[in-house]
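Report on the structure
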Amino acid sequence: MKSLFSIFKNGLQKTATSLVRGVQSVFTETKPWTAEDFEHLEGLLIQADLGVVTAAELVNDLKERYDRGKIATREDIRRAMAEDVTKILEVAGAGNPFTPAAKPPTVVLLVGVNGTGKTTTAAKLAHLWQQDGLKVMLAACDTFRAAAVEQLVHWGARVNCPVVAGKPNSDPAAVAFDAATRARNEGMDILLVDTAGRQHTRKALMDELGKIARTIAKACPGAPHEVWLTVDAGIGTNAVTQAREFSKIVPLTGLIITKLDGTGRGGSLVPICRELRIPVRFAGLGERETDLQPFRPDFFAQALFEVKVTGSP
Amino acid sequence: MFEKLTDRFHDIFRNLTGRGALSEANIEEAMREVRRALLEADVNYKVAKEFVESVRQECLGEKVLRSITPGQQAVKVVNDHLTALLGGANEPLNLAAKPAIFILIGLQGSGKTTTAGKLARLLRGRDKKDVLLAACDLKRPAAIDQIEVLGRELDIPTYARRDTQDVVEVVRGARAEASRLNSDVLILDTAGRLQIDTDLVQELVRVKDAVQPQEILLVADAALGQEAVSVAEHFNQALGITGIILTKLDGDARGGAALSIRHVTGRPIKFIGTGERMADLEAFHPERMASRILGMGDIVSLVEKAAEQFEEAESRELEEKMRKNSFDLNDFLSQLRKIKNMGGILAMLDLFPGTKKFKDGLNVDENQLKHVEGIICGMTAAERRDPELLNANRTRRVAQGSGVPVQEVNDLVSRFRMMREMMSGLGGQLGKMSPDGRLPAAPPPQIGGRHINPIMMRMRHRGRR
Ligand SMILES: Nc1nc2c(ncn2[C@@H]2O[C@H](COP(=O)(O)OP(=O)(O)O)[C@@H](O)[C@H]2O)c(=O)[nH]1
Ligand SMILES: Nc1nc2c(ncn2[C@@H]2O[C@H](COP(=O)(O)OP(=O)(O)O)[C@@H](O)[C@H]2O)c(=O)[nH]1
Ligand SMILES: [Mg+2]
Ligand SMILES: [Mg+2]
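Residues numbered from 1 in each chain as written. Chains lettered and ligands numbered in written order. Predicted model: local features only at pLDDT ≥ 70, side-chain atom pairs only at ≥ 80, totals over all residues.

1. A short note on the overall build of chain A
Defined as follows: Elements are defined by DSSP. Helices are runs of H or I of four residues or more, strands are runs of E of two residues or more, and each kind is numbered from the N terminus. Backbone-placed C-beta atoms define the burial measure: a residue is buried with 20 or more other C-beta atoms within 10 Å of its own, exposed with 12 or fewer, and partly exposed in between. Contacts are defined on C-beta atoms placed from the backbone: any two residues whose C-beta positions lie within 7 Å are in contact.
Looking only at helices and strands, chain A features 11 helices and 8 strands. Looking at chain A residue by residue over its 313 residues, the buried ones come to 59%. Long-range pairs, those at least 24 residues apart, make up 77% of the contacts in chain A between residues at least 6 apart in sequence.

Next up, the structure:
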């Protein structure tokens, strides 16, 4: 089996190589570093989707350390950057699956904008937790998008997990209530609620999401215990706005970075975590049910900057 | 969240315009701001750099430096360049063959299947074409069902195969079916794939070779980040795309990916997706996209959108009324009824800068609008023309007639008054427009003391999508 580190590393290879090449071509150890060198470095971070503000902050921090003589080599730079990014991503709960509710089922609500991977992630999580011996139920609450319910039903059959489904165009909150009631009555450990994608700019749909959460609480007091936002690794800085706006409607307890197998680097996680302090729980690395890994801030950051870690291959 | 570029330009040039001179250093500073605005909009870093390089030269030229309003002149140069880069003539779809075959390709979740449905609807409605939708995504669970559901909803025939995993076979079958049905257009919805997945990209090459499509359309999420360049470049190199469709512009991503993709492929952006419903597909307007990317006010699209939905003459009349501040409740009612037919009253209200308060105050939903309609109907023609006539007596009569509390009538009138004030501000702006419908490089329009919301494309269709 591949180690976690190598999985992250492979996922981020494309990013890492260009970034590292960039760093190495910018800085020479014999000449003092110039403002231009630092600006170039800032550009490299922006190209990893960290955003203008976060990139500038990281670079200023490095510059300050350089001026104080704390760092001197290219290797130092990479390590320092990785450290900074790791620190930002190390929010309490990062990489942890979930906190079991005092009274099962633990209800996990998956939310996000359109096409980010909610349904697929629901199936992946169901698969993972069932393998851990937990009793999992899926709720298909995307009653809007054509065949979204069928999609989850197919997944349920594939990973062998029960699915509570509503009729197309029925009230998603009612389906969620149904599912929560059933999950409680049938002694499930976990209920995974898949919701329709929505742009945070659409007030009616955001209100609908709030209603889903409140309705779940009626069936299972205290639920949803976890609300996770799927973040597409290929999306740019709008991901920060997405996280901010969703968290206003349903307090987010976790992020899932999806499609990290593509060339998108998921760099937006850095400004998101910096501003909102939401832990990243899992990373999606493909379209199969097994393509999910617990998130590791240090691996992510190190792979991003290709720093050797002791004990890794 | 974003400072508007024009605001920043304003700051940079404020002192200078007073002195009437502009130095190269000021231009440099302005260019840094432009670069930053582009990067904040997620324009690819290298693309942004090249772009800024190309406008810098022109900004350093006489016209800008000598201008009485160099700041505004510079904004105009930037905007014009960006529009040119994004635009070119609006290239229509190639319908030359029968069936004309269109393939939709792109990353996972970009909106291909939804867009396939939207495009079919558009071609049937606008171009009176018979369309066949073919489900060629054999990978994603229920992808075939998704196409079939859309086909049923739109009443457009679909072609699907559940007996094979060979996409080329499906595509050939779809073409045969299109011939049999005598379809004008065949739309192939394909599975999402990463641009770096060589096997799957090769599969598309085989599909292309098998059917010789008229259009290969790259469907891309408008919120894509820096990697948009790589996505577009790879797909274009392997397949030679003929056009781009940007999706999810109803979100608030500034959409710098549009520039990146356009820049590396040179192919036209043909449509934009502005929602999840089948009607939410619109022609692409480079000038609006430019404003959106730069974060500038977009009064042009406001006027165009209005003009599309109102009769043209009437729209001129409306402009005139807004200018003269004589827009009355009669006009409001007649627009209300028209807009209601379009199903987008709320979207329309959003188009009028400054109407947010009016709308929020009314707490408008479609039902509330019926109330408003009822109240206005309860007024005499004279009262509608001049709501100031509504004294206590008249107000009571209107309230009784329309079955609402007096307070509600008062509220409507006072909010209408507010709205009209704001509109007269807007009318002033309209007056400054040149005949081609463009604003001269003007300072950002100030209405009710605040800037017009720049993201006019963010037209929300409330209610159930
Ligand atoms: N490559 C890749 N594709 C993914 C991943 N997660 C989801 N997808 C694909 O993205 C598309 C949208 O996923 P879906 O779960 O339907 O998104 P939803 O609209 O948010 O529910 C589908 O084609 C999925 O197969 C991932 O981690 N990697
Ligand atoms: N808000 C919004 N959602 C869209 C738009 N186009 C597609 N979608 C949504 O994006 C998600 C993925 O769309 P789909 O067509 O399944 O993507 P595909 O995987 O590329 O075929 C669905 O939830 C669609 O409803 C758009 O223009 N605006
Ligand atoms: Mg889904
Ligand atoms: Mg699809």
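The structure having been displayed, the exposition proceeds.
2. Regarding the sheet that holds strand β8 (residues 292-294) of chain A
Residue and element names in this part refer to chain A. Put simply, the rule reads: A pair of strands is considered paired only if DSSP assigns at least 2 bridges between the two. Lines fitted to C-alpha atoms define the axes here, with helix axes fitted over just the stretch in contact, and angles between the N-to-C directions of these axes take values from 0 to 180 degrees.
Taken in spatial order, the 8 strands line up as β3-β2-β4-β1-β5-β6-β7-β8 in an open sheet, and their pairing is mixed. Looking at the sheet topology across the chains shown, the edges are occupied by β3 (163-165) and β8. This sheet shows a mean twist of 25° between the axes of neighbouring strands, independent of strand direction.

3. Structural notes on the packing of helix α4 (residues 74-89) of chain A against helix α11 (residues 297-305) of chain A
Residues and elements named next belong to chain A. Test applied: In this scheme, roughly parallel covers angles under 35 degrees and roughly antiparallel covers those over 145, while 65 to 115 is roughly perpendicular and the rest are oblique. Definitions for this section: a left-handed crossing has its near helix turned counterclockwise from the far helix by less than a right angle. A right-handed crossing has that turn clockwise. Charged means Asp, Glu, Lys or Arg here, nonpolar means Ala, Val, Leu, Ile, Met, Phe, Trp, Tyr, Cys or Pro, and polar covers whatever is left, Gly included.
Packing of α4 against α11 brings their axes to within 8 Å, and their N-to-C directions diverge by 150°. On the basis of their axis angle, the class for α4 and α11 is roughly antiparallel. Considering only the axes of α4 and α11, their crossing is right-handed. Between α4 and α11, the contacting residues are R78, M81, A82, V85, T86 and L89 on the first element and P297, D298, F300, A301, Q302, L304 and F305 on the second. Looking at the contact of α4 with α11 residue by residue, the classes come out as 9 nonpolar, 2 polar and 2 charged.

4. Digging into the nonpolar core
Here is a general trend for soluble globular proteins: nonpolar side chains tend to be buried in one another's company. Here is the rule: As used here, a nonpolar core is made of buried Ala, Val, Leu, Ile, Met, Phe, Trp, Tyr and Cys residues. They are joined through C-beta atoms within 7 Å. Segmentation of the chain into domains, including their bounds, is taken from an automatic or database domain assignment.
Counting 194 residues, the largest nonpolar core has A139(A), L192(A), V193(A) and I187(B) as its most contacted members. Counting only domains with at least three residues in this core, you end up with domain 1 (5-86) and domain 2 (100-294) of chain B. For I187(B), the contacting residues outside a window of four places in its chain are F102(B), L104(B), A116(B), L119(B), A120(B), V131(B), L133(B) and A134(B). Of all hydrophobic cores here, the second largest spans 9 residues; its members include V372(B), M379(B), V398(B) and L412(B).

5. Quick word on the packing of helix α2 (residues 24-40) of chain B against helix α3 (residues 45-59) of chain B
Helix-helix packing is characterised by the crossing angle of the two axes and by the distance between the axes. Residues and elements named next belong to chain B. Where α2 contacts α3, the axes come no closer than 10 Å and their chain directions differ by 150°. As judged from the angle between their axes, α2 and α3 are roughly antiparallel. The two elements α2 and α3 cross, and the hand of that crossing is right-handed. Here α2 contributes I27, M31, V34, R35, L38 and L39 to the contact with α3, which in turn contributes Y45, A48, F51, V52, V55, R56 and C59.

6. Here we look at the interface of chain B and chain A
Each partner contributes to the interface: chain B provides 36 residues, whereas chain A provides 33 residues. Broken down by secondary-structure element, the contributors of at least two residues to the side of chain B that touches chain A are α2 and α7 (143-154) of chain B. Considered class by class, the residues forming the side of chain B that touches chain A number 13 nonpolar, 10 polar and 13 charged.

7. Considerations on the site of ligand 1
We count it as follows: The criterion for a residue being near a molecule or strand is simple: its C-beta atom, placed using the backbone, must lie within 6 Å of it.
Every one of the 24 residues lining ligand 1 counts as a neighbour, but G117(A), T120(A), G284(A), Q108(B) and G109(B) are closest to it. With 3 residues, helix α5 (residues 118-131) of chain A is the single largest residue contributor to the shell around ligand 1. Here the residues of the shell around ligand 1 are counted per class, giving 2 nonpolar, 16 polar and 6 charged.

8. A look at the pairing of strand β7 (residues 269-273) of chain B
Residues and elements named next belong to chain B. Our working definition: Looking down the strands as they point away from the viewer, one classifies a crossover as right-handed if the path from the first strand across the helix to the second runs clockwise.
The element β7 is extensively covered by neighbouring structure, given that 5 of its 5 residues are classed as buried. Judged from the 3 bridges that link them, strand β6 (residues 243-247) and β7 form a sheet pairing that is parallel. Directly across from I244, in β7, lies its bridge partner I269. After leaving β6, the chain enters helix α11 (residues 257-265) and then returns to the sheet as β7, a path that is right-handed.

9. Things to note about the site of ligand 2
Around ligand 2 lies a shell of 22 residues, among which N114(A), G115(A), G111(B), T114(B) and G273(B) are the nearest. One chain alone does not account for the residues near ligand 2; they come from chains A and B. Of the residues forming the shell around ligand 2, the biggest block, 3 residues, is contributed by helix α6 (residues 112-127) of chain B. Residues of the shell around ligand 2, tallied by class, amount to no nonpolar, 16 polar and 6 charged.

10. A look at helix α9 (residues 198-211) of chain B
In an α-helix there are 3.6 residues to a turn, and that puts residues three or four apart on one side. Test applied: Expected helix span is computed as 1.5 Å times (number of residues minus one).
The terminal C-alpha atoms of α9(B) lie 20 Å apart, and with 14 residues this matches the ideal 20 Å at 1.5 Å per residue to within 8%. Downstream of α9(B) by one or two residues, Q212(B) has phi in the positive range, about 50°.

11. Observations concerning unusual backbone geometry
Residues and elements named next belong to chain A. The linkage connecting A223 with the following residue, P224, adopts the cis geometry, with an omega of -5°. Counting through the fold element by element, P224 comes out in the loop between α8 (203-219) and β5 (226-232). One non-glycine residue, N169, adopts positive backbone phi at about 65°. If you trace the backbone, N169 turns up in the loop between β3 and α7 (172-185).

12. Concerning the sheet that holds strand β5 (residues 215-221) of chain B
All names here are of chain B. Read across the sheet, 8 strands follow the order β3-β2-β4-β1-β5-β6-β7-β8 without closing on themselves; strand pairing throughout is mixed. A single partner strand is all that each edge strand has here, and the edge strands are β3 (158-159) and β8 (281-283). Here 2 bridges tie strand β2 (residues 131-136) to β3, and the two strands are oriented parallel to one another. Counted as the bridge partner of L133 is T158 from β3. Against the sheet, helix α10 (residues 228-239) contacts β1 (100-105) and β5, and its axis sits at roughly 165° relative to β5.

13. Considering the confidence of the model for chain A
The test is simple: Known as pLDDT, the predictor's per-residue confidence is scaled from 0 to 100.
In this model, chain A carries an average pLDDT of 89, and 88% of its residues clear a pLDDT of 70 or more. Contacts for the low-pLDDT stretch residues 308-313 of chain A, under 50 throughout, to residues beyond four places or in other chains number 6 contacts.

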